[in-house]
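Given next are the chains, with one letter for each unit.
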Amino acid sequence: MEKKELLYEGKAKKVYTTEDPDILIVSYKDDATAFNGLKKGTIVGKGAINNRMTNHIFGLLEKEGVPTHLVKELSDRETAVKKVEIVPLEVIIRNFSAGSFAKKMGMEEGIKFKCPTLEFSYKNDDLGDPFINSYYALALGLATQEEIDAITKYAFKVNEVMQKYFASLNIELIDFKIEFGRYHGQIILADEVSPDTCRLWDKDTHEKLDKDRFRRDLGNVEDAYQEVFRRLGIADRE
Ligand code: TMP
Ligand code: ASP
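Residues numbered from 1 in each chain as written. Chains lettered and ligands numbered in written order. Predicted model: local features only at pLDDT ≥ 70, side-chain atom pairs only at ≥ 80, totals over all residues. Heavy atoms only, no water.

Chemist: Account for the environment of Leu173, with residues named and values stated.
Modeler: Structurally, Leu173 is set in strand E12 (residues 171–183). For the pair Leu173 and Arg231, spaced 58 residues apart in the sequence, the C-alpha separation amounts to 14 Å. (Helix = DSSP H or I, 4+ residues; strand = E, 2+ residues; numbered from the N terminus.)

Here it is in structure tokens:
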């Protein structure tokens, strides 16, 4: 499968068309941004780690009944995916207080919730991805009720599968953001699952193994990404 034209360049990925109108190729970059692009940097090796980690986890999710856009990993940084129309909602699941939740609620980070939370942001950089609820999404025509129901069901399933999987790597899944797309009338998981989009803490030391190290200038950013990748046990390609 070959790249044809650059369709779109985002903050962390480039997307190319292919011969097949249903298939795109995503190419993961080492570029990192935070605070809606205000902070910029490079995390060496991130593109390959995020690509391979996303594909590995999407494979696990497919086995558990969550449809994803994954078609085929082409190289360290490139993957063929189904061409979806992205639903303009960032879907955030939280198991512990952290980040914007901790700030908003005046709580310290790392408090375990009685049950997971789900929230939506409207995917719109000009507005800074504002927090919205499902009524806003319906009123603005961002998604139908059936789509919101499917997204909610899959998002909690993704949490269940990932929480269990990361626990087996001695990692606590604090929270994460996912995105869904429409593919021939079906809702499927798209975008990525990586240390860019999840908060991952070592279960014993509570060391942050994710993009918060970049956002908050905590140092050892590359080491954290490498550590997660090492624990996945997929470093050696066949
Ligand atoms: P938050 O606590 O800043 O709202 O972030 C919640 C989760 O969403 C966290 O795992 C990081 C992830 N996230 C993204 O993937 N992209 C973003 O633009 C933001 C703000 C958060
Ligand atoms: N992806 C977001 C941005 O650039 C921020 C984040 O992950 O914190 O700006």
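Chemist: Residue-level account of the packing of aromatic side chains, with values.
Modeler: Two aromatic rings, taken as a pair, are described by how far apart their centres are and by the angle between their planes. Under the criterion given, the structure shown has 3 aromatic pairs. Ring centres 6.5 Å apart and planes at 20° place the aromatic pair Tyr154 and Phe180 in the stacked group. Here Tyr154, found in helix H4 (residues 145–168), pairs with Phe180, found in strand E12; they are 26 residues apart in sequence, far enough to count as distant. Residues Tyr154 and Phe180 agree in their burial class; the two are buried. Judged by centre distance (5.9 Å) and plane angle (55°), the rings of Tyr165 and Phe166 are tilted. You can call Tyr165 buried: its relative accessible area is 17%. Judged by its relative accessible area of 0%, Phe166 falls in the buried class. (Phe/Tyr/Trp six-rings, centres within 6.5 Å; stacked < 30°, edge-to-face > 60°. Buried < 20%, exposed > 50% of the residue type's maximum accessible area, 1.4 Å probe, protein only.)

Chemist: Outline the nonpolar core, supporting the account with residue identities and numerical values.
Modeler: Ranked by internal contacts, the top residues of the largest apolar core, which has 48 residues, are Met162, Phe166, Ile178, Phe180 and Leu200. Looking at this core, the elements that each hand over two or more residues are strand E4 (31–34), helix H1 (46–63), strand E9 (89–96), H4, E12, strand E13 (186–190), strand E14 (198–202) and helix H6 (221–232). Top contributing element to this core by residue count: H4, with 10 residues. Aside from chain neighbours lying at most four places away, what touches Met162 is Ile57, Leu173, Phe176, Val193 and Cys198. Ranked by size, the runner-up nonpolar core spans 5 residues in total, among them Val15, Val26, Tyr28 and Val81. (Core = buried A, V, L, I, M, F, W, Y, C linked by side-chain atoms within 4.5 Å. Contact = heavy atoms within 4.5 Å.)

Chemist: Lay out the site of ligand 1 with the relevant residues and their values.
Modeler: The local shell around ligand 1 holds 13 residues, among which Arg94, Ser100, Asp175, Lys177 and Arg199 are the closest. A distance of 2.6 Å separates an oxygen atom of ligand 1 from a polar atom in the side chain of Ser100. Of all the secondary-structure elements, those providing two or more residues to the shell around ligand 1 are E9, helix H2 (99–105), E12 and E14. For the shell around ligand 1, the per-class residue count stands at 4 nonpolar, 3 polar and 6 charged. (Near = heavy atom within 4 Å. Polar contact = N/O pair within 3.5 Å; in protein donor to acceptor, adjacent residues only side chain to side chain. Nonpolar A, V, L, I, M, F, W, Y, C, P; charged D, E, K, R; others polar.)

Chemist: An account of the packing of H1 against H4 is requested, with residue identities and associated values reported.
Modeler: At a minimum axis distance of 10 Å, the contact between H1 and H4 shows a crossing angle of 115°. Crossing hand, H1 versus H4: right-handed. Between H1, through Met53, His56, Ile57, Leu60 and Leu61, and H4, the contact on the second element is made entirely by Val158, Val161, Met162, Tyr165 and Phe166. Each residue belonging to the contact of H1 with H4 can be placed in one class, and the counts come to 9 nonpolar, 1 polar and no charged. (Axes fitted to C-alpha atoms, helices over the stretch in contact; angles between N-to-C directions. Left-handed = near helix turned anticlockwise from the far one by under 90°.)

Chemist: Provide a residue-level description of the pairing of strand E3 (residues 23–28), including the pertinent values.
Modeler: For E3, a buried count of 6 out of 6 residues is recorded, marking the element as mostly surrounded by other parts of the structure. The alternating pattern of E3 places Ile23, Ile25 and Ser27 on one face and Leu24, Val26 and Tyr28 on the opposite face, and all of these are buried. Looking at chain direction, strand E2 (residues 13–17) and E3 are connected through 5 bridges and run antiparallel. Pairing of Thr17 across the sheet is with Leu24, part of E3. (Pairing = 2+ DSSP bridges.)

Chemist: Mind laying out the pattern of salt bridges, listing which residues take part and the relevant values?
Modeler: Taken as a whole and judged by the stated rule, the model has 27 salt bridges. Between Lys39 and Asp217 there is a salt bridge, with its nearest N and O atoms 2.6 Å apart. Placement of the pair is Lys39 in strand E5 (residues 39–42) and Asp217 in the loop between helix H5 (212–215) and H6, with a sequence separation of 178 residues. On the accessibility criterion, Lys39 (19% relative accessible area) is buried. Under the relative-accessibility criterion, Asp217 is labelled exposed at 62%. Residue Asp202 is joined to Arg231 by a salt bridge in which the shortest nitrogen-to-oxygen separation is 2.8 Å. Highlighted residues: Asp202 in strand E14 and Arg231 in helix H6, separated in sequence by 29 residues. (Salt bridge = Lys/Arg side-chain N within 4 Å of Asp/Glu carboxyl O.)

Chemist: So what's going on with the sheet that holds strand E1 (residues 6–9)? Which residues, and what values?
Modeler: Read from one edge to the other, the open sheet built from 5 strands follows the order E1-E2-E3-E7-E6, with strand pairing classed as antiparallel. Taken across any chain shown, the strands that pair with only one partner, and hence form the sheet edges, are E1 and strand E6 (70–73). When strand polarity is set aside, the average angle formed by the axes of neighbouring strands in this sheet is 25°. With 3 bridges joining them, E1 and E2 adopt antiparallel strand pairing. The residue bridging Leu6 from the neighbouring strand is Tyr16, located in E2.

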